[in-house]
Amino acid sequence: AWHADNAKFFEMAKRLDALDLGDPDQLAVKLEQFHGDHYRLELHVLELVTAGNAFDGGDDAHACRFGKWLDTFKSTNPELQRLIQEAGGPHEALHQAVAKLKKLLHEGKKAEALQLYKQNVETNAVRNMALIEQMREQVKAGSDFLARCEKQAVDVCRASQMKANELLDAIIKANSAVAAASVTD
């Protein structure tokens, strides 16, 4: 049982490594931040258009945390690669629309800015957050699998090891007794 339990753990570890998520819990935290950042950006833009509340930033896709991450994150995970590639377009379009919207408002074109918000900012923000959510789901599956690997190692393999050690101790004790008896004979 000990050998089979360990073999199962090592097979699970290979599968976990093949997911190529790095630390899935740390990645989940980053994706949560990215989601929150873009939700706040959308709210800031809406407040800008409706109430004139100005804010700094939001007009450069590569300056935000998600943009920097998209530019640098590497993974061989095909689903994550697909989502990252797919996210580039709406993410870039969102930040370009924010820049254009700020310019329109600066020029006093509030109606055009509101139309841009409805047609572009809102649409791309929703698409962007949906893609981040899909990434979070992928990472959550990896995190869940990591927990199963840890359970296999800590609970199952450890119990098998303890049982094997008990059996080895019994064999050693029996061999010692046989050896001691043969010496006295």
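Chemist: When you look at the overall build of the chain in this model, what are you seeing that I'm missing?
Modeler: Helix and strand counts for the chain come out as five helices and zero strands. When its helices and strands are written in sequence order, the chain yields α-α-α-α-α. A globule of 185 residues ought to have a C-alpha radius of gyration of about 16 Å, yet the chain, at 28 Å, is considerably larger. C-alpha atoms of the chain, sized along the principal axes, occupy 110 × 25 × 20 Å. Long-range pairs, those at least 24 residues apart, make up 82% of the contacts in the chain with a sequence separation of at least 6. Accessible area for the chain stands at about 11300 Å²; split by element, carbon and sulfur atoms hold 57% of it. Placing the 23 positive and 28 negative side-chain charges of the chain at their respective mean positions leaves the two points 2 Å apart.

Chemist: Sorry if this is basic, but what is going on with the nonpolar core here?
Modeler: Within soluble globular proteins, side chains that are nonpolar tend to cluster in buried spots. Formed by 17 residues in total, the largest nonpolar core has its most connected members in Leu-27, Leu-31, Phe-66, Trp-69, Leu-80, Ile-84 and Met-135. Among the elements of the structure, helix 2 (24-51), helix 3 (65-72), helix 4 (78-106) and helix 5 (110-184) are those that each provide at least two residues to this core. Counting residues in hydrophobic clusters, the runner-up holds 16 residues, among them Val-49, Ala-97, Ala-113 and Tyr-117.

Chemist: Just to check I follow, could you spell out the layout of surface pockets for this structure?
Modeler: The rolling of a water-molecule-sized probe over the atoms marks out the regions of remaining empty space. Roughly 240 Å³ of volume is contained in the largest pocket. In terms of residue class, the lining of the largest pocket is built from four nonpolar, five polar and six charged.

Chemist: Can you walk me through a nonpolar patch on the surface in this structure?
Modeler: Residues Leu-168, Ile-171 and Ile-172 make up a contiguous nonpolar surface patch of roughly 290 Å² in combined accessible area. Using a relative accessible area of 52% as the deciding quantity, one classes Ile-172 as exposed.

Chemist: It is not clear to me how the packing of helix 1 (residues 2-19) against helix 5 should be interpreted in this structure. Could you clarify?
Modeler: Working note: a packed helix pair is described by the angle between its axes plus the distance between those axes. Where helix 1 contacts helix 5, the axes come no closer than 9 Å and their chain directions differ by 160°. Judged by the angle between their axes, helix 1 and helix 5 are roughly antiparallel. As for the relative orientation of helix 1 and helix 5, their crossing is left-handed in sense. For the pair helix 1 and helix 5, the contacting residues are Trp-2, Asp-5, Asn-6, Lys-8, Phe-9, Met-12, Ala-13, Arg-15, Leu-16 and Leu-19 in the first and Gly-142, Phe-145, Leu-146, Arg-148, Cys-149, Gln-152, Ala-153, Val-156, Cys-157, Ser-160, Gln-161 and Ala-164 in the second.

Chemist: Quick question: what am I supposed to make of the packing of helix 2 against helix 5 here?
Modeler: The contact between helix 2 and helix 5 brings their axes to 9 Å, and the two run at 170°. By the criterion of interaxial angle, the relationship of helix 2 to helix 5 is roughly antiparallel. Helix-helix and strand crossings are classified by hand; for helix 2 and helix 5 the assignment is left-handed.

Chemist: Sorry if this is basic, but what is going on with the environment of Asp-56 here?
Modeler: Summarising the element assignment, Asp-56 is placed in the loop between helix 2 and helix 3. Sequence separation between Asp-56 and His-44 is twelve residues, and the spatial gap between their C-alpha atoms is 9.6 Å.

Chemist: I would appreciate a short explanation of the packing of aromatic side chains in the present structure.
Modeler: The description of two aromatic rings rests on the distance between their centres and on the angle between their planes. Overall, the coordinates contain five aromatic pairs when judged by the stated rule. Considering the side-chain rings of Phe-9 and Phe-10, the 5.4 Å spacing of their centres and the 65° angle between planes classify their relative orientation as edge-to-face. With a centroid separation of 6.0 Å and 15° between ring planes, the pair formed by Phe-66 and Trp-69 is classed as stacked. Note that Phe-66 and Trp-69 are positioned in helix 3 at a spacing of three residues, about one turn of the helix. In this pair, the class of Phe-66 matches that of Trp-69, namely buried. Ring pairs connect the aromatic residues Phe-34, Phe-66, Trp-69 and Phe-73, which therefore count as one cluster.

Chemist: Teacher, can you tell me more about the side chain of Ser-160 here?
Modeler: Here Ser-160 shows up in helix 5. In this structure Ser-160 comes out as buried when scored by relative accessible area, which is 10%. The residues contacting Ser-160, other than those within four sequence positions of it, are Ala-1, Trp-2 and Asp-5.

Conventions used here
In this convention, every chain numbers its residues from 1, walking through the sequence in written order. In keeping with the predicted nature of the model, local features appear solely for residues at pLDDT of at least 70, side-chain atom pairs appear and are counted solely at 80 or more, and the whole-chain, interface and lining totals rest on all residues. The side-chain figures draw on all heavy atoms in the structure; neither hydrogens nor water molecules are used. Helix numbering and strand numbering both begin at the N terminus, where a helix is a DSSP run of H or I of at least 4 residues and a strand a DSSP run of E of at least 2. A radius of gyration in this sense is built from C-alpha atoms; the matching globule rule multiplies 2.2 Å by the number of residues raised to 0.38. Between two residues, a contact is recorded if the distance between any of their heavy atoms is within 4.5 Å. Accessible areas in this description were obtained via Shrake-Rupley with a 1.4 Å probe; residue shielding takes into account the shown protein chains only. A residue counts as positive if it is Lys or Arg and as negative if it is Asp or Glu; His and the chain ends are not included. Just so you know, the charge point we use is NZ for Lys, CZ for Arg, CG for Asp and CD for Glu. The criterion is simple. A nonpolar core is a set of buried Ala, Val, Leu, Ile, Met, Phe, Trp, Tyr and Cys residues joined through side-chain atoms within 4.5 Å. We call a residue buried when its accessible area falls under 20% of the maximum for its residue type, exposed when it is over 50%, and partly exposed in between, using a 1.4 Å probe and counting protein chains only. Every definition here rests on a 1 Å grid over the protein atoms only: cavities are sets of points where a 1.4 Å probe fits but cannot get out, pockets are open sets enclosed by protein on both sides within 12 Å along at least five of seven lines, and lining residues have some atom within 4 Å of a point. Grid points are joined across faces, edges and corners, and a volume is the space filled by probe spheres set on the points. Each residue is assigned to one class: nonpolar for Ala, Val, Leu, Ile, Met, Phe, Trp, Tyr, Cys and Pro, charged for Asp, Glu, Lys and Arg, and polar for all the others, Gly among them. Patch members must show over 30% relative accessible area and no salt bridge, and they are joined within 9 Å when carrying like charges or within 5 Å when they are nonpolar side chains of Val, Leu, Ile, Met, Phe, Trp or Tyr. When a carboxyl oxygen of Asp or Glu is within 4 Å of a side-chain nitrogen of Lys or Arg, the pair counts as a salt bridge. Orientation is described by lines fitted to C-alpha atoms, with helices fitted over the stretch in contact, and by angles between N-to-C directions that extend from 0 to 180 degrees. Throughout this description, any angle smaller than 35 degrees is read as roughly parallel, any larger than 145 degrees as roughly antiparallel, any in the 65 to 115 degree range as roughly perpendicular, and the remainder as oblique. Throughout, a crossing is termed right-handed when the near helix is turned clockwise from the far one, and left-handed when it is turned anticlockwise from it by less than a right angle. Pairing of aromatic side chains here covers Phe, Tyr and the six-membered ring of Trp, requires ring centres within 6.5 Å, and sorts the geometry by plane angle: under 30 degrees stacked, over 60 edge-to-face, intermediate tilted.

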